[in-house]
Amino acid sequence: MLPANLASRIEHQLPVKLVEIIHTAGRIANSQHQNLYLVGGAVRDLLLEKPNLDLDIVVEGNAIELARQLTEVEPSSIITYPQFNTAKITGNRWSLDLATARSESYPQPGALPTVTPSSIETDLFRRDFTINAMAICLNPDRYGELIDRYRGQDDLKDKLIRVLHDNSFVDDATRIWRGLRYEQRLGFQLEANTLKLLLRDIPMLDTISKERIRYELECIFSEEQPEKVLRRADELGVLTKLHPALTGNGWLAAKFMAARQLSIPNSPSFSLYLALLAYRLTPSQCEILTLSLGLAKSVAQTIRQSTTIKTRLEALTNPKLSPSDVYRQLHHYSATAIIANIIATDSPVAQQYMETFLHHLRYVKSILSGDDLIAMGVPQGPQIKQLLEQLHQAKLDGRVTTRQDEEKLVKKWLIS
Ligand code: ATP
């Protein structure tokens, strides 16, 4: 049973410093006769007793002004976004996003909404799901009071993801991806009508810009187990909207798990997850996916390289390759593209070669420079480059180790 007032829950779950800042913010807002609320995911996670140090705060007043006054009393780093009338205050592993309570209307489906200042009631109505549409008042006289107009608490208890109205996915189809993400992260289920609406509105994903879709994918890849979201998206016919040839089956789950193992102590990068998701596409399907997500050049390059390596893996299954052969096959490609192939390939031989390349061969350098060769009497011109390459090759294959070895080899070439 949840407490009627969440004040003690706040004190227990949030770090002391953050609680202090919230108190101060509440006092400042109160002195200006404005109401201040903790909203969205932080309230949801407070009720679920899950850690969440990225707080969203809404004021029925000027958010930037409040944020400025707050950092005068509680010095912290602040960034303001006057175009959105929001501010972000950050501290040690926590952040506070302050916004002015607003209502939103959608000029057309998928477009960014038109925003007008409003009350907390209308601000909550613009939100995606009931579990994200609760607020806790932070003014001193109402501190800890839960505002739950859409029965978010009941849905938390029943483990349901429910939209606030039937047009929700039409207004903003990114909520389709968000819904799947919360469902899988929390182990909840889409409520029956919400599921019906979601299936009906899958075509509305076409109204969303590539930047916003890419952002959703970034959020999915930041989840602990993105594969669960992708599997569910596949099952419901949402994944096909990224590319019709993508699948979110057990193969992907195993590969994502391996990616996490290999990335410890970090999480896999966006590029690595995406390279694995796109791994079984053909190069031309990959190009289409890359374009449809408007990927940054470096990410697009990694995805492209990952499929290129895949099409050339056959050459790396020959157990008789020399280190310089392996180097030649792989040195054009980024580490992430190679790691994706280490994870994805079924060939232990190719895997071993790629690991050797990543951990050792790519760092091997010969000692002599072009200037050294000239000083030894090699004439300037293309020959220098060729000789340096041969020296590098000899070093990779262990035919030379020291500077003297290299000089000996150069002299031999000069004589012959
Ligand atoms: P997470 O734990 O994934 O960070 P969050 O709930 O904090 O979850 P944010 O993306 O930070 O999610 O958004 C903060 C809040 O803003 C959400 O809880 C929700 O109330 C609202 N929100 C965000 N995106 C949308 C959207 N597309 N449509 C409606 N409301 C949204």
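Described in the following lines is the structure provided in the data block. Going along each chain's sequence as written, the residues are numbered from 1 onward. Whole-chain, interface and lining totals are the exception, using all residues; otherwise, since this is a predicted model, local features are given only for residues with pLDDT of at least 70 and side-chain atom pairs are given and counted only at 80 or more. Values shown for side chains rest on all heavy atoms present in the structure; no hydrogens or waters enter the calculation.

The next subject is the side chain of D201. Only DSSP runs of H or I with at least four residues qualify as helices, and only runs of E with at least two residues qualify as strands; both kinds are numbered from the N terminus onward. Looking at where D201 falls in the secondary structure, it is placed in helix α9 (residues 192–201). Per-residue accessibility, obtained with a 1.4 Å probe over protein chains only, is compared with the maximum for each type, and a residue is labelled buried under 20%, exposed over 50%, and partly exposed between these values. Looking at D201, the relative accessible area reads 4%, which means it is buried. Pairs of residues are marked as contacts when any of their non-hydrogen atoms sit within 4.5 Å. Ignoring anything within four residues of it in the chain, the contact list for D201 reads D166, F169, V170 and I176.

Next up on the list: the site of the ligand. Throughout, the term near means that a residue has one or more heavy atoms lying within 4 Å of the molecule or strand in question. As a structural note, the neighbourhood of the ligand is formed by 15 residues, with R44, R127, D172, R175 and R185 the closest of them. In protein, a polar contact requires one atom able to donate a hydrogen and another able to accept it; more generally it is a pair of N or O atoms within 3.5 Å, and residues adjacent in sequence count only if both atoms are side-chain atoms. Between the ligand and D128 there is a distance of 3.1 Å, counted from a nitrogen atom to a backbone nitrogen or oxygen. With respect to the ligand, the side chain of Y182 contributes an N or O atom lying 3.0 Å from an oxygen atom. In the complex, 76% of the free accessible area of the ligand, which totals 590 Å², lies under the protein chains. Listing elements by their share of the shell around the ligand, those giving two or more residues are α3 (41–48) and α8 (174–186). Here the element with the most residues in the shell around the ligand is α8; it accounts for 6 residues. Areas reported here follow the Shrake-Rupley algorithm with a probe of radius 1.4 Å; residue values treat only the protein chains shown as occluding.

With that out of the way, let us pick up the nonpolar core. Core analysis: the largest hydrophobic core is formed by 108 residues, its most contacted members being L96, W177, F221, V238, L242 and L274. With residues up to four places along the chain from it excluded, the contact list for F221 reads P226, L230, F256, F270, Y273, L274 and L277. Only buried residues count toward a nonpolar core, which is a set of Ala, Val, Leu, Ile, Met, Phe, Trp, Tyr and Cys residues joined through side-chain atoms within 4.5 Å. In this structure, L373, L387, A394 and V410 belong to the second largest nonpolar core, which totals 10 residues.

Let us look at the environment of L217. Position of L217 among the secondary structure elements: in helix α10 (residues 210–221). Look at L217 and you get buried, because its relative accessible area is 2%. Distance from L217 to L289, taken between C-alpha atoms, is 12 Å for residues 72 residues apart in sequence. When near neighbours in sequence (up to four residues on either side) are disregarded, L217 contacts L242, F270, L274 and L293.

Treat this as a map of the structure, not an account of what it does.
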